[in-house]
Every structure is written in structure tokens, then in C-alpha cells.
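Chain by chain, the residues run as shown.
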Amino acid sequence: MNELLDGILLVFNLQTLLVIVIAALFGVFVGAIPGLSATMAVALLVPITFAMDPVAAIAAIITTAAMAIFAGDIPGTYLNIPGTPASAAYVSDSAALGRMGRAREALGLNVTCSVIGGLTGTLVLVMIAPSLAEFALNFSSFEYFWLAVLGLGSAVFISTGSAIKGFLSLMVGLLLASVGLDLVTGAPRFTFDVPDLMGGINFIPVMIGFFAMYEVMKLYSQHKDQAKDNDSAQDIAPQHGDVFSLVPTHLKRYWKNVIRGSSLGAFIGALPGAGADIAAWICYAVSKKRSKTPEKFGTGHVEGLVDAGSANNAAVAGAWVPALVFGIPGDSITAIVIGVLYMKGMNPGPTIFMDNSAMAYGLFTAFFVANLILIPIGYLAIRSAHVFAVTPTRVLMPIILCFCIVGAFAINNSLTDVWIMLICGVVAYLIASADFPIAPAILGLVLGNILETNFMTSMIKADGNLLAFVERPISIGLALLVLLIALFPLLAKLWRTRYPGALPPTKEAIE
Amino acid sequence: MKDLVFGVIFIALGVAVWLLAREFPAVPGMQYGADLFPSLIAIGMTLGGLLLSISAIRQLRTYGPERSTPRLPLPSFAVILPCVLVVAYIYLSEVLGAAPMMLLIMLVLLIQRGVRVLPAIAISTVAAAVISLSFGHLLKVPLPVGPLGF
């Protein structure tokens, strides 16, 4: 009980609350600018969180992510350009409502569903994570090895697009993870006599490169006139109506959709490798399939919007379940968060609830606050949507590039990290231009060390006997789950036949 | 075509990783050394690259060069520009200072995208000052100081 109170007090102090409000404004701004994703917002935020207390830092990340996912709906509704990939699933509906002059109504409903979804995801996290952690205390290196394989397998097979490309992207991430001194033998690997590489590649500059530098390069790869047109085409149609006046009517009518979207979204978010965007796409498709009026979808119907709008925010919280309990990221945002947790001395894993229980409760409280603050900040953002429409990306991108340079440098005060950021940005640009998904590379980088360390430890324990990996009941269960994930492409094929359009096209899967 | 190029790149990368991994020292008495994982990654890259190349060749044969995956676009100067400017920052920030270099980077990029000179100067000056102050002073990041003192 004391720990719960301590945890709540860690959030309810002036400094942390101020950080949450600033992070919320930052998240809304980045999320609402088309082309800038929630992951990019978090990647840019990380260098700033270094100066903060652990709970304030994590609260800032949670708030930014939740805000950015909602704010992606703003340009989607007003301009038919989803601000983040998580809003792409229902952009045709929200944009159609915007064209009818009902943008405020759509966004009011969106923000309410986002809050409900986010709170449901948080409840799932609060209820499942501690008991799952208790169960995970029985895990040995064999189980952790399989969990890492499960995370990597999900990254390849659950992400949409070509499985071969996903696999190759994963290999890039694993290669980056193997740089530095070998954990078992102490031998330097791929360090090329650079002392800064001996400790391995810090993955924050990699994230900044993959998500922010890549976006800058993408903008500059567009023809100048085309980029100018995209900026000047942002013209908002006149709107009428209140933000929240019709929300109770819609919620009364579609309450089942809210529950379904929130719970399914939290579940999908908890799967390693599947993030908010995949949750939104799947829930939108399920909503259409189950609807009495599927023909109305895409024409400004609020039903799919309710489902997918709740799902993407629920997935943000759901993704924290594997991240906190096992140290296995649920999506690219939690991949960044795992790095931050390590740097702040909070080792993600089942022991977090014993060693840092006040901190864990503080984190849960931060989730609730982050989702509740969505209402006032979201309301202000909806009322001042014009600001986002008139902010041209060609002005923002040079500023973002400077943030990238200074942010990467700030991690270790080393220019080597700026080189890493640059190289990763170029690699991300090249592979993304050939439709390779980037998320598997991130998961490979985060899970590479976990995979290798647990494999080597298990091999030493079992004296080289590979059968030891499937001797314990939990490890064999996890091994079978890995097999099931490997069969996912086949299942996805069946799913696509049943729910056409359920999964996003390759481009959206990049984030 | 693009897939074929990337398939070949990954095969080459896999071979290079494998060659480098062979040099990692083994620990006496241990069955698996520092080379195990890099070698597995090398195998994965080579096999994946091979599969990608085969699928690209199949596409080329079935649909012809026009309808298969598009060609790899040649990088334009505009897309290389941000990279060149980052390299310039790495080498020149110690000499000129972090803030003047950031100002220069933003100015060049804004003008390249068609922003008029005066607004570009105003935006870059304000943004460079904000970034420099927030990171250098508030977050105490030791950003390089040039002859002008910032």
C-alpha cells in the first residue's frame, strides 16, 4: 500500500506534472504534423529526458506517445493526411466527416475514444503485468532465449509486407547489436579499433537516425515543387459544431465498438512486434466486418472510427506489458523506452515489480494521468487545428535535423554517436526506399544482446546440449508459440481472405 | 530491379561479415565463441539476400523489366545535402562552434527548399539560439564553443 502511495506521489508533484503538460504539447505538435510519427517524437525526446528523474522521464515518453497517436487524427480529419501511421486506417472516414464540416465532432469522438482506449490499455497493463511478472520469475535463460526468439519472429512475421525483407531488416538490427565487446568472451567485434564502439552501439542515436534523420532525407528526396505543393495544399474547410456535444450520442450507440476496439487493441499491442498502427488496421477491419452497415465505411461513418480510434491508444499501453515484464519491446516506442529504463537504472523484467515497485506504480499512475490530460490538451488542439495546417514541414525539417545532431551528441557527448545517427539515417532511407520495414531492425538491435546472452548462458549450463532448450515445460510452450508465429504468414493469408484490407500496405508498416 | 540490387548487397554484406567473424578469437575449452552469432547473422544475410534476388529474377522473367519492382533511383544532390551538412558539423563544429554551425545548416536547408532569405535567416537564428540554449545551458551538454563564444 505504501509503495502504491509512493508511486502516486512520484507523479503528483509539480515538476513531473509540468513535464507531463509540456510533453503533451510536444506530442500533440509532432503527432499533428503529417510525416512526423509518434516514434520520431519519442526518439527526439529521449536526449532531453536524460536530465530528468526516472519517473518524469518515463511519464514524458508515455504522454508524448499517447498524445501523438491521438494528434495524428487532426491532419487526417482536416486535410486527409494521417499525422501518424496509426491514424491511416480510418482516415477516409474522418476526412469525409471533415469535408462535411463535422471535423470537430469527429475529433471530439476520437479524443474520447482515445482516452477510453488508453485507460483500458492501462487497466490491462496494471492487472496483467504484476501477475505475469510473478509467473515470469520462474523463467530461466532458456525461457528468455525463446522469448527473444518470439519477439524477433513476431517482428518478421507479424509486420506486414515481404517476410524476406522483414528478415533482412532484422539481420541489420542483429548485426548492429553484435558490435562491441562480446559479453561472454570479451573479444571486440566490428569495432574497427574505434574506442567508442567497444561498449557497443548506443541505440538512441540509431533510433534518431532511423526515425528522424530518415524523415529529413525523405523530405529532401522529394522534388522541391512537390514538397512546396504539399505544404501549400494545407487549407482547412470551414467547420461548425462543438467538440464534445455529440459524443454521448455516438458512445451510447457504439459502446460495444468502444469496448471491442479497446480490448482488442490492448491485446494486439501486447504482442511483440505489433504496434498501434497494426491494431488500428485490424480493429477497423473487424468493425467493418461486424457492422450492420459496412457499405457506409469510408464515407464518413463514425463506427470504424470508434473501433480503430480506441484501439490505437489501447495498443500504446498494451505494448508496455511485454516491455515491462520481460524486457521484450511490444513496438518501436517501447524499444526506445527499454533503453531509457536501462539508462535510468530500472532494468525491465519481472524483478522490476520487486526492486522498483514504487517506480512501477508511478509508471502506472503516469499512464492514467497521460490519458486523462488528453481531454483538455486534445480539446485545445482541435480548436487550434489551423496552427498545424500552416506549419510547413520544409521549415520544420532543418530544425529537426539540428535536434537530431545535438540529441545524438548529448547521449555520450561524443561525435561518434553523430556518425552512428548519420549512417543509420542513410541506411534507413536506402532500405525504406526499397520497401523494407524498419521496425524489425529496431527489435533486432534491442533483442540481439538478450538473445545472444541467454543462448550462450543456456549452452554453458546445458554443456552444449541443444535438447535442453525444449526440456522445461514453459520453454517448450514458448518454442511452440514461436512455431505458431512462423506459420503466421499462412494464417494472415486466411485472415486477408476473410477480412479484406485488414492489414496495412507496406509503406504504412515502416513505422 | 531494386530488389535484385538489394539482394546482391545483402549477399555481399553477409560474406563480408562472415570473413570478419572468422577472425574473432575463440576461447579455449568453449564450444561456442565470439564468432557464433556474427556467423549466424552472416548466413542469415546471405540466404535472405539470395532468396530476395531469386524472387526479383523471377519477377523480372514473369513481368519483364518494366513491370517488375522499380529501379533504384539515383540519389539527387538534395537528398545528400542533409548528410553533407551533418558531416560538416562533425568536422567544423569544434572550429566554428555548435550554434554557428547549426545556423548555417538550417539556413542552407531552408533556402534549398525555397524559403526566402530573410525569413530563413530569422528562423535559423531563433532555432539555433533555442537549441543551443536548451541543450548547452539547461541540459548542460558540452556543445563545442567557437571563436565567437557560442
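1. Focus: the overall build of chain A
Then, number 1: Helix and strand content of chain A: 27 helices and 2 strands.
Then, number 2: Computed over the C-alpha atoms, the radius of gyration of chain A is 22 Å, within 12% of the 24 Å expected from 2.2 N^0.38 for a compact globule of 511 residues.
Then, number 3: Its C-alpha atoms give chain A principal-axis dimensions of about 70 × 50 × 45 Å.
Then, number 4: Split into buried and exposed, the 511 residues of chain A put 64% on the buried side.
Then, number 5: Relative to all contacts within chain A whose residues are 6 or more apart in sequence, the contacts with residues 24 or more apart total 79%.
Then, number 6: About 18,100 Å² of surface is accessible on chain A, with carbon and sulfur atoms providing 66% of the total.
Then, number 7: Here chain A carries 26 positive and 30 negative side-chain charges, and the mean point of each set is 13 Å from the other.

2. A word on the nonpolar core
Residues and elements named next belong to chain A.
Then, number 1: Counting residues in each nonpolar core, the largest one holds 199 residues, and the members touching the most others are I74, F210 and I400.
Then, number 2: If near-sequence neighbours (up to four positions away) are discounted, F210 is found in contact with L176, C424, A428, I438, A441 and I442.
Then, number 3: Residues C113, Y254, A280 and W281 belong to the second largest nonpolar core, which totals 17 residues.

3. Digging into the packing of aromatic side chains
Then, number 1: Counted according to the given criterion, the structure contains 19 aromatic pairs over all chains.
Then, number 2: Measuring from centroid to centroid gives 5.3 Å for F145 of chain A and W146 of chain A, while their planes differ by 65°, and the two rings are edge-to-face.
Then, number 3: Taking the relative accessible area as the measure of exposure, W146 of chain A reaches 15% and is therefore buried.
Then, number 4: Each ring, one from W419 of chain A and one from Y91 of chain B, has its centre 6.0 Å from the other, and the planes form 75°; the classification is edge-to-face. Separated into two different chains, W419 of chain A in helix α23 (residues 415-433) and Y91 of chain B in helix α3 (residues 77-96) make up a pair that spans both.
Then, number 5: Judged by relative accessible area, which is 55%, Y91 of chain B ranks as exposed.
Then, number 6: An aromatic cluster of three or more residues is present, and its members are F142, F145, W146, F455 and F469 of chain A together with F37 of chain B.
Then, number 7: We note K165 of chain A situated over the ring of F436 of chain A; from NZ or CZ to the ring centre the distance is 5.6 Å.
Then, number 8: Positioned above the aromatic ring of Y220 of chain A, the side-chain terminus of R113 of chain B is 5.0 Å from the ring centre.

Here is what the cut-offs are and how they apply
- Residues numbered from 1 in each chain as written.
- Chains lettered and ligands numbered in written order.
- Predicted model: local features only at pLDDT ≥ 70, side-chain atom pairs only at ≥ 80, totals over all residues.
- Heavy atoms only, no water.
- Helix = DSSP H or I, 4+ residues; strand = E, 2+ residues; numbered from the N terminus.
- Rg over C-alpha atoms; globule rule 2.2 N^0.38 Å.
- Buried < 20%, exposed > 50% of the residue type's maximum accessible area, 1.4 Å probe, protein only.
- Contact = heavy atoms within 4.5 Å.
- Areas by Shrake-Rupley, 256 points an atom, 1.4 Å probe, with all protein chains shown as cover.
- Lys, Arg positive; Asp, Glu negative; His and termini not counted.
- Charge placed at Lys NZ, Arg CZ, Asp CG, Glu CD.
- Core = buried A, V, L, I, M, F, W, Y, C linked by side-chain atoms within 4.5 Å.
- Phe/Tyr/Trp six-rings, centres within 6.5 Å; stacked < 30°, edge-to-face > 60°.
- Lys NZ or Arg CZ within 6 Å of the ring centre and 35° of its normal.

In short, the description is geometric, and any link to function would need to be established separately.
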